[in-house]
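In case you want the letters, here they are:
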Amino acid sequence: MSTLQSLSGHRPVRAEAVVDLAAIRHNVATLRARADSAQLMTVVKADGYGHGMIPVARAAREAGADWLGAAVLEEALALREAGDTGPIFCWLTTPGEPLSDAIAVGIDLSAGAPWEIDELAAGVTDRPARVHLKIDTGMSRGGAVPEEWPALIRAAVREQQSGRIEVRGIWSHLSSSDEPKSPANEAQLATFQEAIEVAESFGIDAEFKHLANSGATLALPETHFNLVRPGVATYGLSPFGHALPSAELGLRPAMTLKARLAMVKRVPAGAGVSYGLTWTAPRPSTLGLIPLGYGDGLPRHASNGAPVLIGGHRRTIVGRICMDQCMVNLEDDEAAAGDEVVLFGPGTDGEPTADDWADAAGTINYEIVTRLGARIPRRYVDSAQDLPHPTTPVER
């Protein structure tokens, strides 16, 4: 969790990320509707994609999330320590990690190689380890490739018979669900179904089968099985970017990043700005100093192009983004130190979105929100805004 979070109270600050928990709940409810009869796992890894893991997790549970997903042990254990008693899945471990801590508090864990089965079995004390076996269906990341899948299954059968593990799930991850028409999705689905059949031939009847991430939850119902794992869509960001914006999916971006101008100054034509003087004022201009930089998570690649909203006008970051600050060209606007700057938000009031910043930096909206650092306080609000669920399916 961010070290600078507040659930109540507000005072003027240098900068803040305002997180709307009502938007989180709305998005979870929307995704539940898209999942049909499948259970829903809300992925809260990476401090809830920068939004704050514990507040997001609580809001997701309130909206009906059946599971929470955490990438690493520290995240999963923090959820338990915060009082969450529901199903939690954690999938990324390395040799020698304290798996016994997670097993003891009933966290479901992943295994994609026989050595992981061995370590899980060794970590058991008074309850079996709950395990989801991962098949690499074509992303070439975690999981057993099809040729090694039988060896993983045999190891799991051995330890399940010994009573040290319980195989609860079979899972994989899609590489191209943000492109619903990609042939990779069909190929991965076929490999996943074959892996399930192989596991069943060894006597493994896993309760949960899960493959679908955000894009697949929204656009590929054939991948839902009985559990889906949306991540970025939980936070109101479209996995399809501008090709299919959040609003068209019935999602509401939950985060608004704000700052207050630290200084305003008039510069003459020809004045260079920031390191390397990569931008020069073409005419006399007013510049505003925004007290945020790449040390706070702003992407330096967004220099000379990222948009902001000040005084109802869209303006552009000029010059290189520095570690702690950046400059905005206010042109001839009247402005003063202390005026509010909206770097990104839902876009409903004319402000830029995380997708706009992603375009400026040549990246994806996931990175824009997730990389925001602990120097930016997260302030939580509850708008209770009820957006209608989408009435038409995603175009595939």
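Worth saying up front: this structure is predicted, and the values here are computed from it rather than measured.

Colleague: Sorry if this is basic, but what is going on with the UniProt feature "active site" (unreviewed entry) in the protein here?
Modeller: Under the feature "active site" (unreviewed entry), the UniProt entry names Lys45 and Tyr275. These annotated residues cover 231 residues of sequence, and their C-alpha atoms reach 34.6 Å apart at the extreme, placing them across more than a single site. Residue placement: lysine 45 occurs in helix α2 (residues 45-49). If we skip the residues at most four places from it in the chain, lysine 45 touches Gly69, Ala70, Ala71, Glu75 and Trp91. Looking at the element boundaries, tyrosine 275 is found in the loop between β13 (272-273) and β14 (279-280).

Colleague: Honestly, a negative patch on the surface in this entry has me stumped. Any pointers?
Modeller: Residues Glu194, Glu197, Glu200 and Asp205 make up a contiguous surface patch of negative charge. Checked against the element boundaries, glutamate 194 lands in helix α8 (residues 183-201).

Colleague: How should the domain arrangement of the protein be read in this particular structure?
Modeller: Interfaces are often sized by the accessible area lost when the parts come together. When the domains of the protein are assigned, the result is domain 1 (21-235) and domain 2 (255-381). A straight line from the C-alpha centre of domain 1 to that of domain 2 covers 37 Å. Counting the contacts that link domain 1 with domain 2 gives three residue pairs in polar contact (both at pLDDT 80 or more). For the side of domain 1 that touches domain 2, the secondary structure elements donating two or more residues are α1 (21-34) and α2. Looking at the side of domain 1 that touches domain 2 residue by residue, the classes come out as six nonpolar, three polar and no charged.

Colleague: It is not clear to me how the packing of aromatic side chains should be interpreted in this structure. Could you clarify?
Modeller: For any pair of aromatic rings, the description rests on two quantities: the centre-to-centre distance and the angle between the ring planes. Scanning all chains against the criterion turns up seven aromatic pairs. Ring centres of tryptophan 67 and phenylalanine 208 lie 5.2 Å apart, and the angle between their planes is 85°; on these two criteria the pair is classed as edge-to-face. Within this pair, whereas tryptophan 67 is found in strand β4 (residues 67-70), its partner phenylalanine 208 is found in strand β9 (residues 208-212), the two being separated by 141 residues in sequence. Each member of the pair, tryptophan 67 as well as phenylalanine 208, is classed as buried. Between phenylalanine 89 and tryptophan 91 the ring centres are 5.7 Å apart and the planes differ by 45°, which places this aromatic pair in the tilted class. Ring pairs connect the aromatic residues Tyr49, Tyr235 and Tyr366, which therefore count as one cluster.

What counts, and at which threshold
Residues numbered from 1 in each chain as written. Predicted model: local features only at pLDDT ≥ 70, side-chain atom pairs only at ≥ 80, totals over all residues. Heavy atoms only, no water. UniProt positions renumbered as here; feature names shortened; annotations may be inferred. Helix = DSSP H or I, 4+ residues; strand = E, 2+ residues; numbered from the N terminus. Contact = heavy atoms within 4.5 Å. Patch = residues over 30% accessible without salt bridge, like charges linked within 9 Å, V, L, I, M, F, W, Y side chains within 5 Å. Areas by Shrake-Rupley, 256 points an atom, 1.4 Å probe, with all protein chains shown as cover. Salt bridge = Lys/Arg side-chain N within 4 Å of Asp/Glu carboxyl O. Lys, Arg positive; Asp, Glu negative; His and termini not counted. Charge placed at Lys NZ, Arg CZ, Asp CG, Glu CD. Domains from an automatic or database assignment. Polar contact = N/O pair within 3.5 Å; in protein donor to acceptor, adjacent residues only side chain to side chain. Nonpolar A, V, L, I, M, F, W, Y, C, P; charged D, E, K, R; others polar. Phe/Tyr/Trp six-rings, centres within 6.5 Å; stacked < 30°, edge-to-face > 60°. Buried < 20%, exposed > 50% of the residue type's maximum accessible area, 1.4 Å probe, protein only.

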